[in-house]
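Here is what each chain is made of, one letter per residue.
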Amino acid sequence: MNITPLKNKISEIIGSEKSTPEKLQSICDFLKEEISYYDWVGFYFKNGNKNELKLAEYAGEETEHTIIPFGKGICGQVALSNENFVVQDVQEQDNYISCGWKIKSEIVIPIFVKDQNIGQIDIDSHTVSPFTAQDEELLEFTCTLVGNLL
Ligand code: SME
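Residues numbered from 1 in each chain as written. Predicted model: local features only at pLDDT ≥ 70, side-chain atom pairs only at ≥ 80, totals over all residues. Heavy atoms only, no water.

### Examining the packing of aromatic side chains
So, point 1. Under the definition given, this model contains six aromatic pairs.
So, point 2. Taken together, a centroid distance of 6.1 Å and an interplanar angle of 5° make the contact between F43 and F45 stacked.
So, point 3. What makes F43 buried here is its relative accessible area of 0%.
So, point 4. What makes F45 buried here is its relative accessible area of 14%.
So, point 5. Through successive ring pairs, a cluster of aromatic residues spans Y37, Y38 and F131. (Phe/Tyr/Trp six-rings, centres within 6.5 Å; stacked < 30°, edge-to-face > 60°. Buried < 20%, exposed > 50% of the residue type's maximum accessible area, 1.4 Å probe, protein only.)

### A short note on the packing of helix α1 (residues 4–14) against helix α2 (residues 20–34)
So, point 1. Remark: α1 packs on α2, axes separated minimally by 9 Å, with the N-to-C direction vectors making an angle of 160°. By the angle class used here, α1 and α2 are roughly antiparallel. Read as a crossing pair, α1 and α2 show a hand that is right-handed. Here L6, K9, I10, I13 and I14 of α1 lie close against α2, whose contacting residues are K23, S26, I27, F30, L31 and E34.
So, point 2. Among the residues forming the contact of α1 with α2, the class breakdown is seven nonpolar, one polar and three charged. (Axes fitted to C-alpha atoms, helices over the stretch in contact; angles between N-to-C directions. Helix = DSSP H or I, 4+ residues; strand = E, 2+ residues; numbered from the N terminus. Parallel < 35°, antiparallel > 145°, perpendicular 65-115°, else oblique. Left-handed = near helix turned anticlockwise from the far one by under 90°. Contact = heavy atoms within 4.5 Å. Nonpolar A, V, L, I, M, F, W, Y, C, P; charged D, E, K, R; others polar.)

### What about the sheet that holds strand β1 (residues 40–46)?
So, point 1. The strand order across the open sheet built from six strands is β3-β2-β1-β6-β5-β4, with neighbouring strands paired in antiparallel fashion. On the outer flanks of this sheet lie β3 (67–69) and β4 (85–87), each paired with one strand and no other. In this sheet, adjacent strand axes meet at a mean angle of 25° when their direction is disregarded.
So, point 2. Pairing analysis gives three bridges linking strand β2 (residues 52–59) to β3, with the strands arranged antiparallel. Among the inter-strand pairings, L53 is bridged to a residue of β3, identified as I68. (Pairing = 2+ DSSP bridges.)

This is the structure:
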């Protein structure tokens, strides 16, 4: 995968005249559309001063997991670890919140504002082991730009 044009498009969205929620929605739509194995793309953010994540913009099927306590599932673990979490096969994870039988793998990258972990981008895939270092690079790039917006 050549991620340079994808990074360029993400930069273009971030630099556009849209509101921040519109930019986040466009990023979700763009990544889901462009990358064949991205089947659900969403942003979760810390919910006020509560130790939980709240779903914000997303592209893909509706999910009942709109609130995730810190520590629960892949997303909740990233809220505490401050580190990327690449799950090539969700069946190997005990602390995982299922969003349906179709989901086989997941990648979550944290978003920082002034060194604080304030949220994350979460991607679900219907494919086992689809993610490479390039996904992490593209998504870290995206999260850095999103962090600068907030
Ligand atoms: N699978 C996630 C829950 C959120 S959904 O993927 C949209 C998790 O284990 O945290």
